[in-house]
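# Summary of the model geometry
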Amino acid sequence: MIPEEVFQKAAEGDQTAIMLLDAAVTARTISQPETAKAMKAITEAVIGGKGDTNKLFGIGSNICETYKNLEARDMYEKLFMLAAYPVNPIAYVSIIGVGAAAVRINKGEVGTFEVDKEWYLKTARICLVRAIRPTETRVKLGRGMSEAECKKKWGMSVGDMEQNLVFVIEALRNLDGPEIKGGLVSIIQNGFGNTVKCAAGQSIGPIRIREELSMAKTDREFLLASAYPDPTGPQSMYVECIFSAVETAYSPMAGGVEMAIAIKQLSSFGARGEVLRELFDADSLTLITRNVENALLHALMHPDAKIREGAASGLQSIGSDRVEDILDRIVARVGQSSETGALASEALATIRGGKVEVLDDTFRPPRKASMPPPPPTLRPKSAPTSNINQA
């Protein structure tokens, strides 16, 4: 039986521990539960750069061969290959395999207990994100070469590498984590082709929706538990109502009538400013406003034109600087020719027009008080005529 400490030290790159694992695998004295621990340790050593990758890859390959559970072996092997060699001509096999395994884990379709599911998802996220930067570097270098030179150096063309990156992006859609969104944003900003950029943009959407919905649930719980715990109070009842509408706006399962009602509730939020300021303190109102804005911005992309129009109307009535900034970016991204872009542009114009009117009223110079008309100009008296009779 291998002590737990050996696995921990091997993951940290301790060469003695790594050799002990290798010896146990070679002698086939390692048990199946220990095989999984050894595989995890070697994978973590590779990710952390704790030793020679080629040597670690050989040890990891030997460990994989000892697996009796074929499902576990396939999952761990593909993850290990992705960790060791994220950019190579057959990397797509590992990328697609890891992405598919993540989907199956999330759906509860991986029945074997020989896979540490939580560890697998965390490590899959790390490995997929790690594949972005070296791929980016090689793509930029490859653009200065001919296709033949690129294939001779790396065994793949720039197009092949970008296609692998699309597979990475599609796999990341099934995982959660703050570094994923950052990795996708860097792809959009760093000069890849349009196919790659579009894939990254499409992947950010579902991730953002999950984050916003999770934030809405957290904010709702906080407001009801901490700020307004009385379930019979008007604040608590309003929080329940408005956050229920927020969650409906994000739900792909909501029916047309249900969605229309939710958007109508959210759209009326901005018009109730005075009432809400009396009910809620500033911090609570800020939390609620942010969630309503997010839900309406999401609804602005809804396939139903009436839902989009209702969302645009609600955003106009809120008219915050944050909404203005996001609408500006939407118009820049999708253009005014699309239906969403046209609505966003119209809402943006209304918000800015309202601010101009406020500024005009605020800074218009005061009218001068009416003054009495000036006195008539006095004409100089004419010199008296001489009297010819005076002598």
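Nothing here was measured: the structure is a model prediction, and the numbers come from that model.

What follows deals with the nonpolar core. In summary, soluble globular proteins display a tendency toward joint burial of nonpolar side chains. Grouped together as the largest cluster of nonpolar side chains are 70 residues, with contacts concentrated most on Tyr120, Leu128, Leu184 and Ile187. Leaving out residues up to four positions away in the same chain, Tyr120 has contacts with Met75, Tyr76, Leu79, Val98, Ala101, Ile105 and Val115. Judged by nonpolar contacts, the second largest core, of 44 residues, contains Ile242, Ala254, Leu266 and Leu300.

One non-glycine residue, Arg28, adopts positive backbone phi at about 55 degrees. In this fold, Arg28 is placed in the loop between α2 (15–26) and α3 (32–47).

Within the secondary structure, Glu136 is located in helix α8 (residues 132–142). Glu136 gets classed as buried once you look at its relative accessible area, which sits at 8%. Not counting residues up to four positions away in its chain, the partners in contact with Glu136 are Asn190 and Phe192.

Checked against the element boundaries, His298 lands in helix α16 (residues 282–299). Excluding its chain neighbours within four sequence positions, the residues that come into contact with His298 are Arg208, Ile209, Ala249 and Tyr250.

Along its twelve residues, helix α11 (residues 178–189) runs 17 Å from first to last C-alpha, staying within 8% of the 16 Å computed at 1.5 Å per residue. The set of residues buried in α11 consists of Ile180, Gly183, Leu184, Ser186 and Ile187. Along the axis of α11, the buried positions cluster into a sector of 160 degrees, meaning they face one direction only. Counted as exposed and oriented over 90 degrees from the buried face of α11: Pro178 and Gln189. Each element contacted by the buried residues of α11 is listed here: α7 (117–130), α8, α10 (158–172) and α12 (194–227).

Turning next to the packing of helix α13 (residues 234–250) against helix α14 (residues 256–267). Pairs of packed helices are described in terms of their axes, by the angle between the two and the distance that separates them. Relative to each other, α13 and α14 sit at 130 degrees, their axes nearing to 9 Å. Comparing their axes, α14 and α13 come out oblique. Judged by the twist between their axes, the crossing of α13 over α14 is left-handed. In this structure, α13 contributes Cys241, Ile242, Ala245, Val246, Thr248 and Ala249 to the contact, and α14 contributes Glu258, Met259, Ala262, Ile263, Gln265 and Leu266. Residue composition of the contact of α13 with α14, by class: nine nonpolar, two polar and one charged.

This brings us to the environment of Gly205. Here Gly205 lies in helix α12. Overall, Gly205 belongs to the buried group, its relative accessible area being 15%.

Axis separation between α16 and helix α18 (residues 321–334) bottoms out at 11 Å; the angle between their running directions is 20 degrees. Relative to α18, the element α16 lies roughly parallel. Seen along the crossing, α16 lies across α18 with a hand that is right-handed. Between α16 and α18, the residues in contact are Arg290, Glu293, Asn294 and Leu297 and Arg322, Val323, Ile326, Leu327 and Ile330, respectively.

Moving on to the packing of aromatic side chains. Each aromatic ring pair is summarised here by two numbers: the centre-to-centre distance and the angle between the ring planes. Counted by the stated rule, this structure contains seven aromatic pairs. Relative to Phe80, the ring of Phe57 has its centre 5.6 Å away and its plane inclined at 10 degrees; by these criteria the two rings are stacked. Within this pair, whereas Phe57 is found in helix α4 (residues 53–65), its partner Phe80 is found in helix α5 (residues 70–84), the two being separated by 23 residues in sequence. Phe57 sits in the partly exposed class, given a relative accessible area of 24%. You can call Phe80 buried: its relative accessible area is 1%. Taking the centre distance of 5.9 Å and the plane angle of 55 degrees together, the rings of Tyr238 and Phe280 count as tilted. Linking Tyr238 in helix α13 with Phe280 in the loop between α15 (273–279) and α16, this pair joins segments that are 42 residues apart in sequence. Residue Tyr238 shares its accessibility class with Phe280, and that shared class is buried. Taken together, Tyr67, Tyr76, Trp119 and Tyr120 form an aromatic cluster joined through their ring pairs.

Conventions adopted
Residues numbered from 1 in each chain as written. Predicted model: local features only at pLDDT ≥ 70, side-chain atom pairs only at ≥ 80, totals over all residues. Heavy atoms only, no water. Core = buried A, V, L, I, M, F, W, Y, C linked by side-chain atoms within 4.5 Å. Buried < 20%, exposed > 50% of the residue type's maximum accessible area, 1.4 Å probe, protein only. Contact = heavy atoms within 4.5 Å. Helix = DSSP H or I, 4+ residues; strand = E, 2+ residues; numbered from the N terminus. Expected span 1.5 Å × (residues − 1). Arc of directions from axis to C-beta. Axes fitted to C-alpha atoms, helices over the stretch in contact; angles between N-to-C directions. Parallel < 35°, antiparallel > 145°, perpendicular 65-115°, else oblique. Left-handed = near helix turned anticlockwise from the far one by under 90°. Nonpolar A, V, L, I, M, F, W, Y, C, P; charged D, E, K, R; others polar. Phe/Tyr/Trp six-rings, centres within 6.5 Å; stacked < 30°, edge-to-face > 60°.

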